[in-house]
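# Descriptive structure summary
Listed below are the residues making up each chain.
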Amino acid sequence: MNIIVTKDEQEMSQKAADLLQQRNKPESECVLGLATGGTPLGTYQELIRRYESGEMDFSNVTTLNLDEYVGVPKSHPQSYRSFMQENLFKHVNMDTRKAHIPDGQAVDLKEECARYEALIEEVGPPDIQLLGIGHNGHIGFNEPGSSFESETHVVELADSTREANARFFTSIEEVPTKAITMGIQSIMKAKKIVLIASGEKKADAIQKLLSQDVSEDFPASALHRHPDVTLIVDLAAYQTVQ
Ligand code: F6R
């Protein structure tokens, strides 16, 4: 695992944007694996800035998002479809028909998971996958105990994850209890993975990740088995690591 420690969140976002930009070659289709949440916001702002200044073009970009809440309408402001639309897609010249996110409102969720996994094979795998990390080490919505063999599936969200995400809703009761997520095995198919983390709240998770123990109790530890992972972490999240 290649580790980059940055002075702050802004520098973390710029370095992540650098890696995404490097994979976006004008001569071929580029597949970006994307995440939602607070951590990638700065990276998306940086990508938008680079598009507006003519440094980046998104016409050849296909995206595959990691996850989506179950039962939340696409138009709901907290659906991950809305999140991506508001924070990236509507600001750049990408064809949103090539922007893929699991459908959390599918009538048959099992069938939707199989469809999404087949889609990863068809349009992917991502040239680069952007990941955040949960306090409990989740990646995507693969909570502790998730099998490293898992493909796209429906998960019951951990209480700690619902509490962490309650900041985006008016109350914890509003936070969905289930989500569709790419599995650990689906995530590991990406050619390159970049995990970003910032702030002291992520320090424990980063310390555990860097302890090198590989266990399904700490989902992000699967990344130690991937040949090309870059961790970009700001000083606050890196601070307790000895
Ligand atoms: C979101 C996702 C999650 C988040 C994680 C960290 O698509 O897959 O794994 O990356 O919950 O969230 P933030 O960045 O809000 O701390």
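Preceding this section is the structure that the text describes.
Chains are numbered independently. Their residues run from 1 in the order of the written sequence. Local features are withheld for residues below a pLDDT of 70 in this predicted model, meaning they are given only at 70 or higher, and side-chain atom pairs are given and counted only at 80 or more; totals for whole chains, interfaces and linings count all residues. Processing note: side-chain calculations cover all non-hydrogen atoms of the structure and skip hydrogens and water entirely.

### So, helix α2 (residues 41-52)
Elements are defined by DSSP. Helices are runs of H or I of four residues or more, strands are runs of E of two residues or more, and each kind is numbered from the N terminus. Expected helix span is given by 1.5 Å per residue-to-residue step, counting one fewer step than there are residues. Taking 1.5 Å of rise per residue, 12 residues should cover 16 Å, and α2 covers 17 Å from first to last C-alpha, within 8% of that figure. Of all the residues in α2, the buried ones are T43, Y44, E46, L47, I48 and R50. Following α2 by one or two positions, G54 has its phi on the positive side, about 80 degrees. Exposure is judged per residue with a 1.4 Å probe applied to protein chains only, and the accessible area is read against the type maximum: over 50% gives exposed, under 20% gives buried, and values in between give partly exposed.

### Side note on unusual backbone geometry
Look at the link from G124 to P125: it is a cis peptide, with omega at 0 degrees. Relative to the helices and strands, P125 is located in the loop between α4 (109-123) and β6 (128-131).

### Remarks on the packing of aromatic side chains
Stacked, edge-to-face and tilted are the three classes for Phe, Tyr and Trp ring pairs, Trp counted by its six-membered ring, which pair at centre distances within 6.5 Å; planes under 30 degrees apart are stacked, over 60 edge-to-face, the rest tilted. Summed over the entire model, instances satisfying the criterion amount to 5 aromatic pairs. Ring centres of Y51 and F58 lie 6.3 Å apart, and the angle between their planes is 75 degrees; on these two criteria the pair is classed as edge-to-face. Here F58 falls in the buried class, since its relative accessible area comes to 1%. Here Y69 and F169 contribute two aromatic rings whose centre-to-centre distance is 5.8 Å and whose plane-to-plane angle is 70 degrees, an arrangement assigned as edge-to-face. Taken as a pair, Y69 in strand β4 (residues 67-69) and F169 in the loop between α5 (159-165) and β8 (178-181) lie far apart in primary sequence, 100 residues in all. Here Y69 falls in the buried class, since its relative accessible area comes to 1%. With relative accessibility at 10%, the residue F169 sits in the buried group. Every member of this aromatic cluster is reached through a ring pair, and the members are Y69, Y80, F141 and F169.

### Regarding the pattern of salt bridges
By definition here, a salt bridge exists when the distance from a side-chain nitrogen of Lys or Arg to a carboxyl oxygen of Asp or Glu is within 4 Å. In this structure the tally under the stated criterion is 14 salt bridges. The closest approach of N and O atoms between E86 and K90, which form a salt bridge, is 2.8 Å. K189 is paired through a salt bridge with E117; the nearest N and O atoms lie 2.8 Å apart. One end of the pair, K189, is in the loop between α6 (184-188) and β9 (193-197); the other, E117, is in helix α4, with 72 residues separating them in the sequence. Using a relative accessible area of 7% as the deciding quantity, one classes E117 as buried. Within this structure, D18, E46, R49, R50 and E55 form a network of salt bridges that share partners.

### A closer look at a nonpolar patch on the surface
A cluster of nonpolar residues, M1, I3, V5 and L235, forms a patch on the protein surface that exposes about 310 Å² of accessible area. As for its position among the elements, M1 is in the segment before β1 (2-6). Each patch is assembled from residues with relative accessible area greater than 30% and no salt bridge, linking like charges that lie within 9 Å and nonpolar side chains (Val, Leu, Ile, Met, Phe, Trp, Tyr) that lie within 5 Å. Using a 1.4 Å probe, the Shrake-Rupley method yields the accessible areas, and only the shown protein chains count as cover for residues.

### Remarks on the site of the ligand
Near residues are defined by distance, with any heavy atom within 4 Å of the molecule or strand qualifying the residue. In the vicinity of the ligand there are 13 residues, among which T39, D67, H138, G140 and K202 approach most closely. D67 has a polar side-chain atom sitting 2.7 Å from an oxygen atom of the ligand. Protein contacts shield 93% of the accessible area of the ligand, which totals 410 Å² for the unbound molecule. The nonpolar class holds Ala, Val, Leu, Ile, Met, Phe, Trp, Tyr, Cys and Pro. Asp, Glu, Lys and Arg form the charged class, and all remaining residues, Gly among them, are polar. Looking at the shell around the ligand residue by residue, the classes come out as 3 nonpolar, 7 polar and 3 charged. Think of a polar contact as two N or O atoms within 3.5 Å of one another; within protein, one of them needs to be a possible hydrogen donor and the other a possible acceptor, and neighboring residues in sequence only count if both atoms come from side chains.

### Some thoughts on helix α1 (residues 9-23)
Taking 1.5 Å per residue as the helical rise, α1 with its 15 residues ought to reach 21 Å, and the 22 Å between its terminal C-alpha atoms agrees with that figure. The set of residues buried in α1 consists of M12, S13, A16, A17, L19 and L20. On an axial view of α1, the arc spanned by its buried residues comes to 160 degrees, and they lie on one face. Of the residues that open α1, the one with a side-chain oxygen 3.4 Å from the backbone nitrogen of Q10 is D8. Arc definition: it is the arc formed by the directions from the helix axis to the C-beta atoms.

### Concerning the packing of α1 against α2
Fitting a line to C-alpha atoms yields each axis, with helices limited to the stretch in contact; the angle taken between N-to-C directions then spans 0 to 180 degrees. Where α1 meets α2, the closest approach of the two axes is 8 Å, and the angle between their N-to-C directions is 55 degrees. Between α1 and α2, the interaxial angle falls into the category oblique. In this structure, α1 crosses over α2, and the sense of that crossing is right-handed. Residues S13, Q14, A16, A17, D18, L20 and Q21 of α1 pack against G42, T43, E46, L47 and R50 of α2. Residues that form the contact of α1 with α2 fall into these classes: 4 nonpolar, 5 polar and 3 charged. Here the word oblique covers every angle except those under 35 degrees (roughly parallel), over 145 (roughly antiparallel) and from 65 to 115 (roughly perpendicular). By definition, any crossing whose near helix is turned counterclockwise from its far helix by less than a right angle is left-handed, and any crossing with a clockwise turn is right-handed. Here, residues are in contact when the closest pair of their heavy atoms is within 4.5 Å.

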